[in-house]
Amino acid sequence: MRALLSSAALALAIMAATAAEPYKHGPDSERQPGVPQGKVSKFTHTSKVFPDTVRDGWTYVPAQAEPGKPLPFMVFQDGGSYMNEKGDFRVPVVLDNLIHKKEVPVMAAIFLNPGSVPATQPGAKARSNRSFEYDTLSDQYARFLESEIIPEVGKTIPLTKNPELRGIGGISSGGICAFTAAWERPDMFRKVLSHVGSFTNIRGGDAYPCLIRKTEKKPLRVFLQEGSNDLDNLHGNWPLANQQMAAALKFMKYDYRFDYGEGGHNGKHGGAIMPDSLRWLWRDTTTP
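We now turn to the structure provided with this report. (Residues numbered from 1 in each chain as written. Predicted model: local features only at pLDDT ≥ 70, side-chain atom pairs only at ≥ 80, totals over all residues. Heavy atoms only, no water.)

Moving on: the packing of aromatic side chains. Using the criterion set out here, one finds 15 aromatic pairs in the structure. Between Tyr82 and Phe89, the aromatic rings sit 4.0 Å apart at their centres with planes inclined by 15°, giving stacked as the arrangement. Across the pair, Phe89 and Tyr82 agree in class, each one buried. Arranged with centres 4.9 Å apart and planes meeting at 80°, the rings of Phe179 and Tyr208 form a pair that is edge-to-face. A residue pair is termed long-range when its members are at least 10 positions apart, and Phe179 in helix H6 (residues 173-184) and Tyr208 in helix H7 (residues 208-214) qualify at 29 residues. Since its relative accessible area comes to 1%, Tyr208 is described here as buried. Grouped by ring-pair contacts, the aromatic residues Phe50, Phe132, Tyr134, Tyr141 and Phe144 constitute a single cluster. The ring of Tyr254 has Lys217 sitting right over it, with the charged end atom 6.0 Å from the ring centre. A cation sits over an aromatic face here: Arg283 above Trp280, 4.6 Å from the ring centre. (Phe/Tyr/Trp six-rings, centres within 6.5 Å; stacked < 30°, edge-to-face > 60°. Buried < 20%, exposed > 50% of the residue type's maximum accessible area, 1.4 Å probe, protein only. Helix = DSSP H or I, 4+ residues; strand = E, 2+ residues; numbered from the N terminus. Lys NZ or Arg CZ within 6 Å of the ring centre and 35° of its normal.)

Next comes the structure, spelled out in structure tokens:
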């Protein structure tokens, strides 16, 4: 009984802490009258780089896109949560508003869910490939984007080849995935957006602060968001890990920003500051 009460008390404490988070969406995260709306389209992809995995994806094309003109773009991991107009991040809405105000370039977005291996037995569940894809420190995910997703999307949407005009972002394991893709392939991506990034020892990600300090500076621009009430478990302490990342980026004089709030392991803080995050990441590039 005591264990049950303790579990219930812990759950209530977590719910109370989440409810108390002081983050709200501003007008740039809401639909505004007179703002042209971009088009969001869904697709499904079966991968060769990650064999036997299938995933949903979505593309966003702004209303202001000119036919045939290559577009700057961002890739978002856990794409369904970033694409959702009623969720925390609301990226299509934010981009519509910021593009309309000329605060970011006329740009596209690619939203990708992690892959899953379909079930082979009746009644069985598909197996998620998320941690392997997102938490592994290698160039595999970047190769997946380079050889599969970007060419496939590029068949119908002209995408820039300029790495200065390409960004990548994600939340939690998707955040470290975004950093890894740019770290491994700065010739592909130069802008990184990480929300409560898992720079902990899930699959060795705690090595990054040391690697950053001991590796020649790369041409990256990095935005980190973290909360003081984020996770602390067998893999590590998320707030401390992100502070170590920020300290390493500062030591190496990277173009970085670290927004440290009081939220938990969710998208409330990151979603509330999404417009400011994109403005900061894409400053000086509004007229590519």
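Before going further, it helps to examine the pattern of salt bridges. The tally for this structure, following the rule as stated, stands at 19 salt bridges. Between Asp28 and Arg279 there is a salt bridge whose closest N-O contact spans 3.0 Å. Separated by 251 residues along the polypeptide, Asp28 in the loop between helix H1 (2-19) and strand E1 (39-46) and Arg279 in helix H10 (residues 274-281) bring together distant segments of the chain. Accessibility expressed as a relative area gives 22% for Arg279, which makes it partly exposed. With its nearest N and O atoms 2.9 Å apart, the salt bridge here joins Asp255 to Arg283. Taken as a pair, Asp255 in strand E12 (residues 255-261) and Arg283 in the segment after H10 lie far apart in primary sequence, 28 residues in all. For Asp255, a relative accessible area of 26% gives the class partly exposed. The network of salt bridges with shared partners includes Asp28, Lys101, Glu103, Asp276 and Arg279. (Salt bridge = Lys/Arg side-chain N within 4 Å of Asp/Glu carboxyl O.)

Following the sequence through the fold, Arg166 ends up in strand E7 (residues 166-171). Sequence separation of Arg166 and Gln244 is 78 residues, and the distance between their C-alpha atoms is 25 Å. Setting aside residues up to four positions removed in sequence, Arg166 forms contacts with Phe73, Ile150, Thr160, Lys161, Met188, Phe189, Arg190, Lys191 and Trp282. A distance of 2.9 Å separates the side chain of Arg166 from the backbone oxygen of Thr160, its partner in a polar contact. (Contact = heavy atoms within 4.5 Å. Polar contact = N/O pair within 3.5 Å; in protein donor to acceptor, adjacent residues only side chain to side chain.)

This brings us to the environment of Thr136. When you line up the elements, Thr136 lands in the loop between helix H4 (130-135) and helix H5 (140-154). Between the C-alpha atoms of Thr136 and Cys177, which are 41 residues apart in sequence, the distance is 7.7 Å. Among residues more than four places away in sequence, those in contact with Thr136 are Ser131, Thr180 and Arg203. Here the side chain of Thr136 touches Phe132 through a polar contact of 2.6 Å, landing on its backbone oxygen.

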